[in-house]
Amino acid sequence: MKIVETGILARGVADTARAVLSFPSVVSLSDGTVLALFRAGSRKDSDDEAIELCRSLDGGRTWSEPRRCFEAPVLDGRRGTLKVCYLTELAPGHLLAASMWVDRETYPGQPLFNAETEGCLPMVILLADSYDFGQTWTPWRRVPMPDDAEPQAQEPPSRRNIGPASLTNPILKLPDGTLAMSVETNKHYHDASKWYQRVVLFHSHDGGQTWEGPVTASQDPSGRIFYWDQRAGVAPDGRIAAFLWTYDSETLTYLNIHRRLSPDGGFAWLPLEDLGFADQASHPAILPDGRVVLAWVDRFRSQSIRARLAPSVDAAFDPQSEVLIYAHTAEQASADDDTGELLAGMSLWTFGLPYAEVLPDGDVLVVYYAGSESTMDVRWARLQVAAAP
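Residues numbered from 1 in each chain as written. Predicted model: local features only at pLDDT ≥ 70, side-chain atom pairs only at ≥ 80, totals over all residues. Heavy atoms only, no water.

Right, let's get into the overall build of the protein chain. Tallying secondary structure elements over the protein chain gives 2 helices and 26 strands in all. Taking 389 residues into account, the globule formula puts the C-alpha radius of gyration at 21 Å, and the protein chain, at 19 Å, falls close to it. For the protein chain, the C-alpha atoms occupy an extent of roughly 55 × 50 × 45 Å along the three principal directions. Within the protein chain, the fraction of its 389 residues that count as buried is 60%. For the protein chain, contacts bridging at least 24 residues in sequence account for 52% of all contacts bridging at least 6. As displayed, the protein chain offers around 15100 Å² of accessible surface, 50% of which is attributable to carbon and sulfur atoms. For the protein chain, the distance from the average site of its 34 positive side-chain charges to the average site of its 52 negative ones is 2 Å. (Helix = DSSP H or I, 4+ residues; strand = E, 2+ residues; numbered from the N terminus. Rg over C-alpha atoms; globule rule 2.2 N^0.38 Å. Buried < 20%, exposed > 50% of the residue type's maximum accessible area, 1.4 Å probe, protein only. Contact = heavy atoms within 4.5 Å. Areas by Shrake-Rupley, 256 points an atom, 1.4 Å probe, with all protein chains shown as cover. Lys, Arg positive; Asp, Glu negative; His and termini not counted. Charge placed at Lys NZ, Arg CZ, Asp CG, Glu CD.)

Turning to the layout of surface pockets, a few remarks are in order. Approximately 700 Å³ is the volume attributed to the second largest pocket. S28, V234, H283, I286 and E357 are the residues nearest the centre of the second largest pocket, which is lined by 26 residues in total. Mapped by element, the contributors of at least two residues to the lining of the second largest pocket are β2 (20–28), β5 (80–91), β10 (172–173), β14 (225–234), β20 (285–286) and β24 (351–358). In the lining of the second largest pocket, the residues fall into 19 nonpolar, 4 polar and 3 charged. (1 Å grid on protein atoms, 1.4 Å probe; cavity = no way out; pocket = protein on both sides within 12 Å on 5 of 7 lines; lining within 4 Å. Points joined across faces, edges and corners; volume = space filled by probe spheres on them. Nonpolar A, V, L, I, M, F, W, Y, C, P; charged D, E, K, R; others polar.)

Right, let's talk about the sheet that holds β5 for a bit. Strands in a sheet are paired, the pairing made by backbone hydrogen bonds, and the direction either parallel or antiparallel. Strand order in the open sheet made by the 4 strands is β5-β6-β7-β8, with antiparallel pairing throughout. Edge strands, defined here as strands with exactly one partner in the open sheet, are β5 and β8 (141–142). Across 2 bridges, the pairing between strand β7 (residues 123–130) and β8 is antiparallel. Residue pairing for β8: L127 is matched across the bridge by R141. (Pairing = 2+ DSSP bridges.)

A few words on the nonpolar core. Formed by 42 residues in total, the largest nonpolar core has its most connected members in L9, V26, W63, I171, M181 and W211. Excluding its chain neighbours within four sequence positions, the residues that come into contact with V26 are V34, L35, A36, W63, Y355, E357, L365 and V367. Formed by 21 residues, the second largest nonpolar core is a distinct cluster that contains L287, A295, A307 and A370. (Core = buried A, V, L, I, M, F, W, Y, C linked by side-chain atoms within 4.5 Å.)

A separate point is the packing of aromatic side chains. The final tally for this structure, using the stated rule, is 22 aromatic pairs. When the centroid spacing of 5.3 Å and the interplanar angle of 55 degrees are considered together, the rings of Y247 and Y254 count as tilted. Y254 matches Y247 in its accessibility class, with the two residues each being buried. In textbook terms, an aromatic cluster arises when at least three aromatic residues are bridged by ring pairs, as seen for W195, F226, W228, W245, Y247, Y254, F300 and W349. In this structure, K194 packs its charged tip against the face of Y196, placed 5.7 Å from the ring centre. Over the ring of F351 we find R299, and its NZ or CZ is 5.7 Å from the ring centre. (Phe/Tyr/Trp six-rings, centres within 6.5 Å; stacked < 30°, edge-to-face > 60°. Lys NZ or Arg CZ within 6 Å of the ring centre and 35° of its normal.)

Here we come to the pairing of strand β6 (residues 94–103). Most of β6 sits inside the fold, with 10 of its 10 residues counted as buried. In β6, alternate side chains face the same way, and those of H94, L96, A98, M100 and V102 on one face and L95, A97, S99, W101 and D103 on the other are all buried. Remark: 2 residues form the turn of the hairpin made by β5 and β6, two consecutive strands paired antiparallel; G93 in that turn has positive phi of roughly 85 degrees. Strand direction decides the pairing type here: β6 and β7, joined by 8 bridges, are antiparallel. Residue pairing in the sheet places V102 in a bridge with M123 of β7.

As for its position among the elements, S64 is in the loop between β4 (50–56) and β5. The exposure class assigned to S64 is partly exposed, which follows from its relative accessible area of 30%. In the structure, S64 is positioned 79 residues away from V143 in sequence and 31 Å away in space, judged by C-alpha atoms. Here S64 is in contact with C54 and R55, once residues within four sequence places are set aside.

Moving on, we get to unusual backbone geometry. Following G213, the chain continues to P214 via a peptide bond in cis, the omega torsion being 10 degrees. With respect to the helices and strands, P214 occurs in strand β13 (residues 212–219). Between A278 and the following residue, D279, the backbone shows a cis peptide bond with an omega angle of 10 degrees. Phi is positive for D229, close to 50 degrees, though the residue is something other than glycine.

With that out of the way, let us pick up the side chain of S249. Looking at the secondary structure, you find S249 in the loop between β15 (240–248) and β16 (253–254). By relative accessible area, which is 19% here, S249 ends up buried. Within polar-contact distance, the side chain of S249 engages the backbone oxygen of R224 at 2.7 Å. (Polar contact = N/O pair within 3.5 Å; in protein donor to acceptor, adjacent residues only side chain to side chain.)

Printed below as a string of structure tokens:
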């Protein structure tokens, strides 16, 4: 595997509401078009943020000017912003957009994460459809998040409830047409109880109109280990492969990336596997022959973005296949006194969130953000994967 091309997908414009571009994702469509989405704002976390979309007709080498085609709705009388957006092609030309809406009025002027409680602002998952390859979109519809268990005596709400729902992956389309939505649970903003973080899946059998669940995908019952930012894809044989950013809340350290496989669409899960490298995984690019390209961010050791290739979703990633996508040259990482400070400090990180996607010609496109605290761009690298032996 080697990098054959690199470029800038979109540039941040200093001292504007488009200064900081982040949270990129990309999807390759059935007609050969490649769409990229990212979040634009004056800061890494700001109440002027919006989602922008760029279109490529040449396999991700050149891109259209950014377009803002998604409006953030007013929900329950409160203004909010769209933090992230992911696209899934359900049928040729039919796209499903999944976005995370952040309430900016209940706690006006406050950051996304509360450093004192580890809670976060109210968040809602929204869905919209396009039937013309992303040119036009239906109005947003809200995905209800149930309190999924009966309360027990003296049981913290974060052990049983979804809380503010965090979206870290596009909707998965399973071989039988079922859709699976991965959601990360959170605590409410002023909830100071222990955080029992978990990742859950909801399933839809009607194209995303209604949802069943949740089913827990990953959780440490003791509440010590957090499984953040689940990135998942569907293998050609139908298995779901999920990659997890793993954090020890007692030692305040990031562990190696863990992988978890589901053979039945996300209802049952095999044991977690330590992949041997840290720390935050990309969305996996799963090739038609079952091989997997995974990019990841190593912020606290090499301060870089790298990628490796595995021969299948259940195989080891070959160290000899590793490529360096981005190397950060300035001081970035520092120790935090507690998890709340770490969460709040995420708004200062100036590179990361790679997202990998297979292109029509078999290459893999990795998009990510990088820059300075005041200005960040969305960049891309094109990886050429040798033919399978």
